[in-house]
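# Observations on the three-dimensional arrangement
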Amino acid sequence: GFHGTVAKTTKISLRTGLVGLAILIGFTINGWLKGSSLEFGLFLVASIVFLPYVIFPRYQSVLAGLAKFKELFVFRSIAMSTVFLVALAVLVIFGEGVLVFGASQMLVQTAFFILGYWYIRRFLDNKSVDPDYLKHSLQLSAVLLLSQLLAPGIQVYMHNALGPAALAFFVIALKVQKLFT
């Protein structure tokens, strides 16, 4: 149904995301003024990928919601294979370090988020907007914000209560879980 809601919420996300982008650009300029090429480079990459990396991943869920599972599988398979091949090339063939690896992964994933956005938009064939979209968006945003605050809080508690080794196992377990979901 309400395919127009996706476009409307994306526009709102882009507008609010500009605040985060402005902050990142401020940190990028600060790194450049301090003469720290590492800080400048990291914040520059973060600034470049911020909006598409934060906003466009939701479009893969749109394919699932439209029951386009074959298209979702093909798109994700191509994206994951490309990310793996880029990692292999950066680390093994070119012998680069962790910073180049991280930057290349962010850039490749962001490129696929942008491609996914353009590919998936063609399946949204009506302009209907859910009248309660703002209420739903605010509830979802509140849950996501709380989850973003809760995870670091749990990590701080685990570090203080159980020590850094237990925290390391916890973080690794979370990463492994995310690989399979």
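Each remark here, short or long, concerns the structure printed above.
Summarised in this report is the structure supplied together with it. A quick note: this is a predicted structure, and the numbers were derived from the prediction, not measured.

The rules behind these values
- Residues numbered from 1 in each chain as written.
- Predicted model: local features only at pLDDT ≥ 70, side-chain atom pairs only at ≥ 80, totals over all residues.
- Heavy atoms only, no water.
- Phe/Tyr/Trp six-rings, centres within 6.5 Å; stacked < 30°, edge-to-face > 60°.
- Helix = DSSP H or I, 4+ residues; strand = E, 2+ residues; numbered from the N terminus.
- Buried < 20%, exposed > 50% of the residue type's maximum accessible area, 1.4 Å probe, protein only.
- Expected span 1.5 Å × (residues − 1).
- Contact = heavy atoms within 4.5 Å.
- Salt bridge = Lys/Arg side-chain N within 4 Å of Asp/Glu carboxyl O.
- Core = buried A, V, L, I, M, F, W, Y, C linked by side-chain atoms within 4.5 Å.
- Patch = residues over 30% accessible without salt bridge, like charges linked within 9 Å, V, L, I, M, F, W, Y side chains within 5 Å.
- Areas by Shrake-Rupley, 256 points an atom, 1.4 Å probe, with all protein chains shown as cover.
- Arc of directions from axis to C-beta.

### Considering the packing of aromatic side chains
- Applying the stated criterion across every chain, the model contains nine aromatic pairs.
- On the basis of an interplanar angle of 70° and a centroid distance of 5.2 Å, the ring pair of Tyr53 and Phe113 is categorised as edge-to-face. Remark: Phe113 occurs in helix H5 (residues 98-121) and Tyr53 occurs in helix H2 (residues 37-55); sequence separation between them is 60 residues.
- Judged by its relative accessible area of 14%, Phe113 is buried.
- For the pair Phe75 and Phe112, a centre-to-centre distance of 6.1 Å together with 75° between the ring planes defines the contact as edge-to-face. Of the two residues, Phe75 sits in helix H4 (residues 69-93) while Phe112 sits in helix H5, which places them 37 residues apart along the sequence.
- By relative accessible area, Phe75 is classed as buried at 11%.
- One aromatic cluster in this structure is built from Phe56, Tyr59, Tyr117 and Trp118.

### With respect to H5
- In this model, H5 (24 residues) spans 34 Å end to end at C-alpha, consistent with the 34 Å of a helix rising 1.5 Å per residue.
- All buried positions along H5 are accounted for by Ser104, Gln105, Val108, Thr110, Phe112, Phe113, Gly116, Tyr117 and Ile120.
- Elements that come into contact with the buried residues of H5 comprise H2, helix H3 (58-65) and H4.

### Considering the pattern of salt bridges
- Applying the stated criterion to the full structure yields one salt bridge.
- The shortest N-O distance in the salt bridge between Glu39 and Lys34 comes to 2.9 Å.
- Given a relative accessible area of 19%, Glu39 falls into the buried group.

### Details of unusual backbone geometry
- Non-glycine residue Ala67 carries a positive phi angle of around 60°.
- Position of Ala67 among the secondary structure elements: in the loop between H3 and H4.
- Using a relative accessible area of 51% as the deciding quantity, one classes Ala67 as exposed.

### Comments concerning the nonpolar core
- Among the nonpolar cores identified, the biggest contains 14 residues, and Val6, Phe56, Tyr59, Val62, Leu63, Ile120 and Leu124 are the most heavily contacted of them.
- At the level of secondary structure, the elements contributing two or more residues to this core comprise helix H1 (3-34), H2, H3 and H5.
- For Val62, the residues in contact, after removing those within four places along its chain, are Val6, Ile120 and Leu124.
- Among the nonpolar cores identified, the runner-up in size contains five residues, and Phe75, Ala79, Val83 and Val108 belong to it.

### Thoughts on a nonpolar patch on the surface
- Together, Phe84, Leu85, Leu88, Leu91, Val92, Ile93 and Phe94 give the surface a local cluster of nonpolar side chains, amounting to about 760 Å² of exposed area.
- Structurally, Leu91 can be placed in helix H4.
- Classification of Leu91 by relative accessible area gives partly exposed; the value is 41%.

### Here's the deal with the environment of Phe180
- By secondary structure assignment, the location of Phe180 is in the segment after helix H7 (164-179).
- Overall, the relative accessible area of 71% leaves Phe180 in the exposed class.
- Expressed as a C-alpha distance, the spacing of Phe180 and Tyr117, which sit 63 residues apart in the sequence, is 23 Å.

### Considerations on H3
- Looking only at H3, the buried set comprises Tyr59, Gln60, Val62 and Leu63. One face of H3 carries all of its buried residues, which in axial projection span an arc of 150°.
- A positive phi of about 60° marks Ala67, the residue just after H3.

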